[in-house]
Amino acid sequence: MTGYLIRRIFQALLTLIGISIITFLILFALPADPARQVAGRTASVEQVEQVRHQLGLDLPVWQQYGRYLGKLATGDLGRSYVQRTQVSELVASRLPATLWLMATAIGFELVIGLSIGAIAAFRRNTLLDQSIMIGAFIFVSAPQFLLGYTMLYVFAVWLGWFPIGGYGTVKQIVLPALTLGLLGGGWYARMMRSSVIEVLRQDFVRTARAKGLGRLRVIFVHIVPNAILPIIAMVGIDIGIFMSGIVVVESVFGWPGIGQLTWQAIQQIDIPIIMGVTLVSACAIVIGNLLADLAAPLIDPRIRLK
């Protein structure tokens, strides 16, 4: 186990360095000028050049990245160009809201996706199965902003069951979390259906039925625990997806998380914030995948980490 963890941590560090290089080069290649954005539209050429020098943007790209990597090694994510605040402080202030939304949305995804996916598998090739899969495809393909505004109109404006926006109460988190749950639940439903159908074909299921075990026992003791294993990896990836911003949904519902911070940074070409959020999201993906790998042996003792 120790050797496995050391190897995974080393791989994670290499992955994060690679992501930081790619992101830094992409941001460097953007035609937009952060110095002009910070100095303002009415600033003179001399003032823009002075700002560029203060931010270190007049240095070669390799030197800029070297300085950034040196600060990153000490835990310093840099300082926001526009807000003049440490990126780590800005991310930390928005992190609780995103984590709360992430946990609730993943809960909705699992409840919706796993339940309807299992129902579709047990009723495969029927009208119910086809209806569920069509619905899952529609929600997977639906734009986030479209579903978000539809949920707002129906449940907040028309029915008045939930507030339009805001942050801090259970009612305010239901709509954004349910929106993300419906969007992601389609993926889980399709995956769960395929996984359950595959498990139903296994010999141990036929053996359990031949022994006279009850239908519910066969489903919840033999089928579901084995069918759910591929879902674990999806949850690990989902953690990174949610941490990477949920930009559209957070903007639609006015949710003060990392996604809203990212959107503001993109509009203002605030490179340190974009870099910081990208690296935090990458760390979340790495940690999520690692936790998923460690959780797999707990669900199925036959799995061993190598």
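Above this text is the structure in question.
This is a predicted model, so every value here is computed, not measured. Starting afresh in each chain, residues are numbered from 1 along the sequence in its written order. Only residues with pLDDT of at least 70 are given local features in this predicted model, and only at 80 or more are side-chain atom pairs given and counted; all residues enter the totals for whole chains, interfaces and linings. Side-chain metrics in this entry use all non-hydrogen atoms of the structure; hydrogen atoms and water are not considered.

### Notes on the overall build of the protein
- To qualify as a helix, a DSSP run of H or I must reach at least 4 residues; to qualify as a strand, a run of E must reach at least 2; elements of each kind are numbered from the N terminus. Helices and strands together make up the secondary structure of the protein, namely 14 helices and zero strands.
- For the protein, the succession of helices and strands along the chain, N to C, is α-α-α-α-α-α-α-α-α-α-α-α-α-α.
- Buried residues are those whose accessible area, probed at 1.4 Å on protein chains only, stays under 20% of the maximum for their type, while exposed residues exceed 50% and partly exposed ones sit between those limits. In the protein, buried positions account for 40% of the 306 residues.
- Any pair of residues with heavy atoms lying within 4.5 Å of one another is described as a contacting pair. When contacts within the protein are restricted to residue pairs at least 6 apart in sequence, long-range pairs at least 24 apart make up 74% of them.
- A 1.4 Å probe and the Shrake-Rupley method give the accessible areas. Residues count as covered only by the protein chains that appear here. For the protein, the computed accessible surface area is about 16,600 Å², with 67% contributed by carbon and sulfur atoms.

### Comments concerning the packing of helix H8 (residues 170-200) against helix H10 (residues 215-227)
- Every axis corresponds to a line fitted to the C-alpha atoms, with the helix fit spanning only the stretch in contact, and the corresponding angles, defined between N-to-C directions, vary from 0 to 180 degrees. For the pair H8 and H10, interaxial distance at closest approach is 8 Å and the crossing angle is 130°. Our classification of the angle between H8 and H10 gives oblique. In this structure, the crossing between H8 and H10 has a hand that is right-handed. Counted together, Met 192, Ser 195, Val 196, Val 199 and Leu 200 of H8 and His 222, Ile 223, Asn 226 and Ala 227 of H10 form the full contact between these two elements.
- Three classes are used, and their members are as follows: Ala, Val, Leu, Ile, Met, Phe, Trp, Tyr, Cys and Pro are nonpolar, Asp, Glu, Lys and Arg are charged, and the others, Gly among them, are polar. In terms of residue class, the contact of H8 with H10 is made up of six nonpolar, three polar and no charged. To sort the angles, those under 35 degrees are grouped as roughly parallel, those over 145 as roughly antiparallel, those from 65 to 115 as roughly perpendicular, and the leftovers as oblique. Each crossing is labelled by how the near helix is turned from the far one, with a counterclockwise turn of less than a right angle marking it left-handed and a clockwise turn marking it right-handed.

### Let's talk about a nonpolar patch on the surface
- Distance thresholds for patches are 9 Å for like charges and 5 Å for nonpolar side chains (Val, Leu, Ile, Met, Phe, Trp, Tyr), applied to residues having over 30% relative accessible area and no salt bridge. The rule for a salt bridge is simple: a side-chain nitrogen of Lys or Arg has to be within 4 Å of a carboxyl oxygen of Asp or Glu. Side chains of Tyr 153, Val 157, Trp 158, Leu 159, Trp 161 and Ile 164 sit close together on the surface and give an oily, nonpolar patch of about 730 Å² of accessible area.
- Note that Ile 164 resides in the loop between helix H7 (144-158) and H8.
- Given a relative accessible area of 55%, Ile 164 falls into the exposed group.

### Comments concerning the environment of Arg 52
- Tracing the sequence through the fold places Arg 52 in helix H3 (residues 45-55).
- Once the C-alpha coordinates of Arg 52 and Ala 35 are considered, the two residues, 17 residues apart in sequence, prove to be 5.1 Å apart.

### Some points on the packing of aromatic side chains
- Centres within 6.5 Å make a pair out of two Phe, Tyr or Trp rings, where for Trp the six-membered ring is used; the pair is then stacked when the planes are under 30 degrees apart, edge-to-face when over 60, and tilted otherwise. Within the structure shown, the criterion is met by four aromatic pairs.
- With a centroid separation of 5.5 Å and an interplanar angle of 70°, the aromatic rings of Phe 24 and Tyr 65 are classed as edge-to-face. Taken together, the residues Phe 24 in helix H1 (residues 2-29) and Tyr 65 in helix H4 (residues 61-73) connect sequence positions 41 residues apart.
- Ring centres 6.1 Å apart and planes at 40° place the aromatic pair Phe 24 and Tyr 68 in the tilted group. One end of the pair, Phe 24, is in helix H1; the other, Tyr 68, is in helix H4, with 44 residues separating them in the sequence. Tyr 68 matches Phe 24 in its accessibility class, with the two residues each being buried.

### Focus on the packing of helix H5 (residues 87-122) against helix H6 (residues 127-141)
- Where H5 meets H6, the axes come as close as 8 Å, and the angle between the chain directions of the two elements is 145°. As for how H5 packs across H6, the hand of that crossing is left-handed. Contact residues: Ile 116, Ile 119 and Ala 120 in H5; Leu 128, Asp 129, Ile 132 and Met 133 in H6.
- Counted by class, the contact of H5 with H6 contains six nonpolar, no polar and one charged residues.

### Re the nonpolar core
- Throughout this description, the term nonpolar core refers to a set of buried Ala, Val, Leu, Ile, Met, Phe, Trp, Tyr and Cys residues connected via side-chain atoms within 4.5 Å. If you look at the biggest cluster of nonpolar residues, it comprises 24 residues, and the most contacted ones within it are Tyr 68, Val 91, Leu 261, Ile 273, Met 275 and Val 277.
- Of all the secondary-structure elements, those providing two or more residues to this core are H1, H3, H4, H5, helix H13 (258-268) and helix H14 (271-299).
- A per-element tally of this core places H14 first, with seven residues.
- The contact partners of Ile 273, leaving out residues within four places of it in the chain, are Ser 80, Gln 83, Val 87, Leu 90, Leu 261 and Ala 265.
- By size, the runner-up hydrophobic cluster in this structure holds 19 residues, among which are Leu 101, Ala 156, Ala 177 and Leu 183.

### Brief notes about the layout of surface pockets
- Using only the protein atoms, space was sampled on a 1 Å grid; points where a 1.4 Å probe fits but cannot get out form cavities, open sets with protein on both sides within 12 Å along at least five of seven lines form pockets, and lining residues are those with an atom within 4 Å of a point. Grid points are joined across faces, edges and corners, and a volume is the space filled by probe spheres set on the points. Considered as a void within the structure, the largest pocket measures approximately 660 Å³ in volume.
- Contributing to the lining of the largest pocket are 29 residues, with Leu 55, Leu 57, Gln 64, Tyr 81 and Pro 272 lying nearest its centre.
- Of all the elements, H4 adds the most residues to the lining of the largest pocket, at four residues.
- Split into classes, the residues belonging to the lining of the largest pocket amount to 16 nonpolar, six polar and seven charged.

### Remarks on H6
- The end-to-end C-alpha distance of H6, which contains 15 residues, comes to 21 Å, matching closely the 21 Å that a straight helix rising 1.5 Å per residue would cover.
- Among all positions in H6, only Asp 129, Ile 132, Met 133 and Ala 136 are buried. The buried residues of H6 occupy an angular sector of 95° when projected down its axis, which confines them to one face. Residues Leu 127, Ile 134 and Ile 138 are exposed on H6 and point more than 90 degrees away from its buried face.
- Looking at the packing, one finds that the buried side of H6 touches H5 and H8. Expected span of a helix: the number of residues minus one, times 1.5 Å. In this context, the arc is that of the directions from the helix axis out to the C-beta atoms.

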